[in-house]
Amino acid sequence: MSTKSLWFLWLISTLVLSGVLGYELFAESQKPHFLPGQTSLGHFQIELECSACHTESFADQQAIQQSCVDCHGAELDAVRDSHPRSKFTDPRNADRLARIDARYCVSCHSEHTPETTRLMGVTQPQDFCAYCHEDIADERPSHEGMGFQTCASSGCHNYHDNQALYEDFLLEHASEPALIVAGKLPLTSMEELIQVSGVSWSPYQPASGETLKQQGWQEAHEQWTSSAHGAADVGCVNCHQPDTDEAWADQPGTEVCATCHESEAKGFLAGRHGMRLAQDLPPMTPAQARLPMKENASHKELTCNSCHSPHEQNTTTAAVEACLGCHNDDHTLAFEQSPHHDTWVSFLEGGVSREEAVSCATCHLPRTEYKQFSNTIVRVDHNQNNTLRPNEKMIRTTCMHCHGLGFSLDALASEDLIQSNFTGLPATHIQSIDMALDRIEPSNTTP
Ligand code: HEC
Ligand code: HEC
Ligand code: HEC
Ligand code: HEC
Ligand code: HEC
Ligand code: HEC
Ligand code: HEC
Ligand code: HEC
Ligand code: HEC
Ligand code: HEC
């Protein structure tokens, strides 16, 4: 071949290649071609947003680490992470890093490797605790003969969050009965909250925005009149035209709600309902889900309004009916046959208070105490992933308002009970409390 034709070939192939690459790079829908493999359950919704984790193009380990910490650092701090990075930067523990460099998140949570990814994005084998705790049976004879695959799978330990499993906590709650029913926490009212947070808005001026579209507004107006917003003077313009210099918006977005409901919006955006919005991606829809969803819900978009219809804000329908409108897995479908659901029916019929009844939201959007300056306020945690896994996270926020610790540990360790949405009693017993009691027995008997 002559030099000329070689050059020509090079030109053509470069053009073709860059054309293809250019096209793929620019077309969002083509990006999966560049993914080295499917992304984990926790992250697939934002997988096309490569830069969320690969913050610089082809970022080094440190940059990826920083992205993990930016999104998850606060939640690990809040649960007093039992294996923080600082444990492993301590030279006395340097020998522990021989088999697994626990200073880096990706050592245990790599990505795009579906074949080795377990629940919670863990990419280590189930018995990996042995890498560092091989000698545990020498230190604690009670652990003699236990398999390392059971450390974190039997309601005994977690790698990060052991808040419901610390020995002193187990001892403190060792002898509680199965059922207590003190009920959930009562919510702090917006009125109190406004005093604490200083949120304010101009009260509704009926004449201001309304005149424009009066015609089609009858229904919205009627619903709004009997809603909490109507009662609190949060008017049409507060949502549809918060800035009077801007045009009336037909579909106010989450950011509008967030101006008055900051903690709710923050929670929503951090979980699997709102995480796409948090990346400025179009809202999540059931059609994109990996979990089973109702077919007729596939087009619904996840915003505040998926659970709260915009002019009613009814928090009762939001707590069960709304969820059933989308979710379609066995656990969800079993709820209506469960004893917990009986308590919800009793609430709807005026039997027990809402605080004593169990809805989907009781467990998944629990009422949570927050510190705001020096005040403690109770609001609904809208991040349903905050208490989902490891599921012992639910014990303190939810179960223990109505059940003893021992019963809750047993119930949450049962895969069957999760499937049946807690219909029936736990079949097996978790030994943690007994073991903690055994350990203090000698000191108990000496005066
Ligand atoms: C949720 C975070 C996240 C997102 C989003 C993400 N990645 Fe990754 N990616 C990772 C992690 C973690 C690793 C593993 C790094 C390691 O082990 O050092 C990785 C590794 C890679 C690798 C190297 C694989 C190998 O075998 O060495 C490539 C290539 C890559 N990602 C491409 C992409 C592309 C392209 C996108 C967007 C379409 C993307 N990633 C989106 C987290 C992410
Ligand atoms: C030595 C292994 C290891 C390292 C390193 C590690 N994790 Fe984990 N992580 C786990 C395991 C195992 C789980 C499963 C749940 C458990 O046992 O607590 C988990 C669960 C999680 C969860 C979900 C459950 C929870 O407790 O919130 C998040 C989020 C998480 N890890 C983030 C991180 C981040 C961020 C880093 C880095 C700062 C990190 N992990 C480093 C092993 C590790
Ligand atoms: C842009 C924010 C963001 C970044 C960056 C990010 N994550 Fe996540 N991650 C999320 C969200 C949102 C979820 C889903 C909600 C949840 O499970 O908390 C999630 C889920 C997870 C889970 C699964 C929890 C479960 O219960 O299944 C783990 C583990 C995790 N992330 C670890 C990491 C690690 C390690 C990195 C760095 C490689 C990382 N994340 C980077 C936002 C992020
Ligand atoms: C990379 C090494 C490493 C791995 C892997 C590891 N640990 Fe640890 N763990 C440590 C170190 C270091 C300490 C603190 C010193 C000590 O107590 O030995 C610790 C302490 C603990 C403690 C007592 C302290 C506390 O705060 O609760 C428990 C319980 C524990 N680990 C359980 C586990 C379990 C369960 C796993 C597996 C899911 C695991 N560890 C995996 C290194 C590791
Ligand atoms: C709490 C905030 C809020 C208040 C207060 C509010 N709206 Fe809305 N409204 C919304 C949201 C959000 C939507 C969009 C719902 C959707 O996405 O389908 C909406 C939709 C509408 C629509 C339908 C727009 C369309 O897509 O055709 C009308 C009409 C409307 N509102 C009128 C009113 C009137 C009149 C008032 C006062 C009586 C009012 N709204 C008060 C939040 C609010
Ligand atoms: C201008 C401030 C403001 C804006 C904007 C706003 N709200 Fe509200 N919201 C309030 C006030 C005040 C209450 C009254 C609560 C009370 O009486 O305790 C309230 C109550 C609620 C309630 C509880 C209803 C009940 O029955 O207890 C929900 C749910 C709610 N808002 C959702 C939303 C959503 C969704 C949006 C966005 C579409 C939104 N809000 C926008 C101020 C606002
Ligand atoms: C998955 C369904 C769902 C979504 C999405 C949702 N909410 Fe809620 N919300 C609920 C439920 C259920 C309750 C009542 C729980 C209770 O009473 O224990 C509630 C309660 C509230 C309350 C009153 C109680 C409080 O103190 O927090 C406000 C305000 C609120 N939501 C605002 C919002 C805003 C703003 C958004 C969007 C950022 C939003 N919600 C998205 C289900 C949802
Ligand atoms: C508009 C549809 C819709 C509504 C309404 C809705 N969800 Fe979801 N939910 C989803 C989608 C979509 C996901 C993400 C599924 C996925 O990523 O595969 C999700 C995720 C979840 C998860 C996390 C599952 C996991 O494995 O991480 C929980 C828990 C959950 N929803 C509970 C609820 C509860 C409780 C309600 C009612 C208060 C509710 N949802 C209302 C669509 C909805
Ligand atoms: C008594 C508490 C409780 C009630 C009530 C409850 N759940 Fe759950 N839910 C759980 C627990 C615990 C898990 C499992 C967490 C784990 O270990 O993975 C779970 C898991 C889920 C998941 C994730 C399923 C998966 O396969 O990943 C969804 C979605 C969900 N619940 C939705 C709902 C809906 C919708 C309702 C109401 C119809 C509901 N839940 C009622 C406690 C509850
Ligand atoms: C608001 C109170 C309340 C909360 C919160 C609550 N429960 Fe219950 N639970 C009840 C009541 C009431 C019963 C019915 C007792 C009966 O009928 O004897 C019940 C029954 C049960 C049963 C036995 C069902 C049967 O068939 O006998 C299990 C298992 C259970 N709950 C597990 C849990 C778990 C796990 C949690 C936390 C994720 C939880 N519950 C949260 C009130 C609650």
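The following paragraphs examine the structure supplied in this document. (Residues numbered from 1 in each chain as written. Chains lettered and ligands numbered in written order. Predicted model: local features only at pLDDT ≥ 70, side-chain atom pairs only at ≥ 80, totals over all residues. Heavy atoms only, no water.)

Taken together, 22 residues form the shell around ligand 9, and within it His331, Cys360, Cys363, His364 and Asn391 come nearest. Within the side chain of His364, one N or O atom sits 2.8 Å away from a nitrogen atom of ligand 9. Take Arg389: an N or O atom from its side chain is 3.0 Å from an oxygen atom of ligand 9. Contributing elements (two or more residues each) for the shell around ligand 9: helix H16 (321-324), helix H17 (330-334) and helix H19 (360-364). (Near = heavy atom within 4 Å. Polar contact = N/O pair within 3.5 Å; in protein donor to acceptor, adjacent residues only side chain to side chain. Helix = DSSP H or I, 4+ residues; strand = E, 2+ residues; numbered from the N terminus.)

Coordination of the iron atom of ligand 8 by the protein comes from His273 (NE2) and His327 (NE2), over a distance range of 2.0 Å. If you look at the iron atom of ligand 8, its six donor atoms make angles of 86 to 180° with each other, and the shape they trace is octahedral. Taken together, the residues His273 in the loop between helix H13 (262-270) and helix H14 (275-278) and His327 in the loop between H16 and H17 connect sequence positions 54 residues apart. (Donors = N, O, S within 2.8 Å, 3.2 Å for Na, K, Ca; no water. Tetrahedral: all angles 85-135°; square planar, octahedral: opposite > 155°, others 65-115°.)

Okay, a nonpolar patch on the surface next. A grouping of Leu41, Leu119 and Met120 is seen on the molecular surface, where their side chains present a nonpolar patch of about 270 Å² in accessible area. Here Leu41 shows up in the loop between helix H1 (3-26) and helix H2 (61-78). (Patch = residues over 30% accessible without salt bridge, like charges linked within 9 Å, V, L, I, M, F, W, Y side chains within 5 Å. Areas by Shrake-Rupley, 256 points an atom, 1.4 Å probe, with all protein chains shown as cover. Salt bridge = Lys/Arg side-chain N within 4 Å of Asp/Glu carboxyl O.)

Protein ligation of the iron atom of ligand 5 involves His240 (NE2) and His311 (NE2), the donor distances falling in the range 2.0 Å. Because the angles between the six donor atoms bound to the iron atom of ligand 5 fall within 88 to 180°, the donor set is best described as octahedral. Of this pair, His240 sits in helix H11 (residues 236-240) while His311 sits in the loop between H14 and helix H15 (315-319); the two residues are 71 residues apart in sequence, bridging distant segments of the chain. With relative accessibility at 23%, the residue His311 sits in the partly exposed group. (Buried < 20%, exposed > 50% of the residue type's maximum accessible area, 1.4 Å probe, protein only.)

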